[in-house]
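Single-letter residue listing:
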Amino acid sequence: MRVWRNLRARNSKRRLLVLWPVAGLLALLLIAILFDRSVSLTLQNWPAYELAIFAFITDFGTSGWILYPTLLGMIGGYGLTHLPLTYSWHWAARALAAISFYVFASVGISGLVTVFLKRLIGRGRPLYIEDHGILYFNPLQLLDWRLHSFPSGHATTAMAFSVVLVTILNGRYRIALFGMGLAIGLSRIVVGDHYLSDVIGGTTVGTLSAILIRDFFATRNWSMRLEQGQVRFRMLAGFRPLWRRLRRGHIPAALK
């Protein structure tokens, strides 16, 4: 009986692992059929000043402005730790490298997942809405950006980065940060580059990827740790010794 119960529990878990993605895809298909067209046409016809606001914030969903600085932060911080620095500068360099690595990994990996899905699925963007409708698919399109609608890469990056910032700040300002991510995702519909279901898909990929990476780091005590079931980010404390010295009027030797 014990063996039977174990087998049944394992099969139940496997069914759940299969059912959740299937249910999610069916829900996205239903959203696409019921809402994609009407939401896209409505938001794209908002007043000009609202369109201008969302056209401005949409570029914050590009991953380059996050990945390039954090790559430099990783390289620079790691390089500085090998120099004969004082205690405060050494810990600041370690903190810079660790934080940059965490941000780069979260945003970069979630972005790679989205890039793979875009090219695999090959959904037409809203510019095809009149000619082919909302459910136009041409899978395995590697280079044609017009067929890279699902999921939204900007929404993926925005939500992954929001999760990262909430983690680094240990839960502070979470409402504002998640609101920022959702606003960037919404902007992709307003500017006519994605459907509602694309944004929901990108938001889901970004959030889940960032959470999985966060938990991977936390279980290995990389920059963060688990305390009473909560993830606590630690590396911001690496800047404190240097901040205290600078507040006391210490001038770095390189600036003298």
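Higher on the page you've got the structure.
Here's what I pulled together on the structure shown here. Just so you know, these numbers come straight off a predicted model, no measurement behind them.

1. Quick notes on the packing of aromatic side chains
Argument step 1. Here the structure, examined in full by the defined rule, presents 10 aromatic pairs.
Argument step 2. Ring centres of W46 and F54 lie 5.6 Å apart, and the angle between their planes is 50 degrees; this geometry places the pair in the tilted category.
Argument step 3. Judged by its relative accessible area of 26%, W46 is partly exposed.
Argument step 4. On the accessibility criterion, F54 (13% relative accessible area) is buried.
Argument step 5. On the basis of an interplanar angle of 80 degrees and a centroid distance of 5.5 Å, the ring pair of F216 and W222 is categorised as edge-to-face.
Argument step 6. Assessed through its relative accessible area of 37%, F216 is described here as partly exposed.
Argument step 7. Judged by relative accessible area, W222 falls into the partly exposed class, the value being 39%.
Argument step 8. By way of ring pairs, the aromatic residues F101, Y102, F216, F217, W222 and F233 are connected into one cluster.

2. Observations regarding the environment of H154
Argument step 1. Here H154 lies in helix 6 (residues 153-168).
Argument step 2. Here H154 falls in the buried class, since its relative accessible area comes to 17%.
Argument step 3. Residues H154 and G185, spaced 31 residues apart in sequence, show a C-alpha to C-alpha distance of 6.6 Å.
Argument step 4. Among residues more than four places away in sequence, those in contact with H154 are T58, G61, T62, I184 and R188.

3. Considering the packing of helix 4 (residues 87-121) against helix 8 (residues 196-219)
Argument step 1. Where helix 4 contacts helix 8, the two axes come as close as 9 Å, and the packing angle between them is 140 degrees. Classed by the angle they form, the pair helix 4 and helix 8 counts as oblique. Crossing geometry of helix 4 relative to helix 8 is assigned as right-handed. Mapping the contact onto sequence places F101, Y102, A105, S106, I109, S110, V113, T114 and L117 in helix 4 and V205, G206, S209, I213, R214 and F217 in helix 8.
Argument step 2. Here the residues of the contact of helix 4 with helix 8 are counted per class, giving 9 nonpolar, 5 polar and 1 charged.

4. Some words on the environment of R244
Argument step 1. Turning to its location among the elements, R244 is positioned in helix 9 (residues 240-247).
Argument step 2. Along the primary structure R244 and S88 are separated by 156 residues, whereas in three dimensions their C-alpha atoms are 8.9 Å apart.

Rules of the game
- Residues numbered from 1 in each chain as written.
- Predicted model: local features only at pLDDT ≥ 70, side-chain atom pairs only at ≥ 80, totals over all residues.
- Heavy atoms only, no water.
- Phe/Tyr/Trp six-rings, centres within 6.5 Å; stacked < 30°, edge-to-face > 60°.
- Buried < 20%, exposed > 50% of the residue type's maximum accessible area, 1.4 Å probe, protein only.
- Helix = DSSP H or I, 4+ residues; strand = E, 2+ residues; numbered from the N terminus.
- Contact = heavy atoms within 4.5 Å.
- Axes fitted to C-alpha atoms, helices over the stretch in contact; angles between N-to-C directions.
- Parallel < 35°, antiparallel > 145°, perpendicular 65-115°, else oblique.
- Left-handed = near helix turned anticlockwise from the far one by under 90°.
- Nonpolar A, V, L, I, M, F, W, Y, C, P; charged D, E, K, R; others polar.

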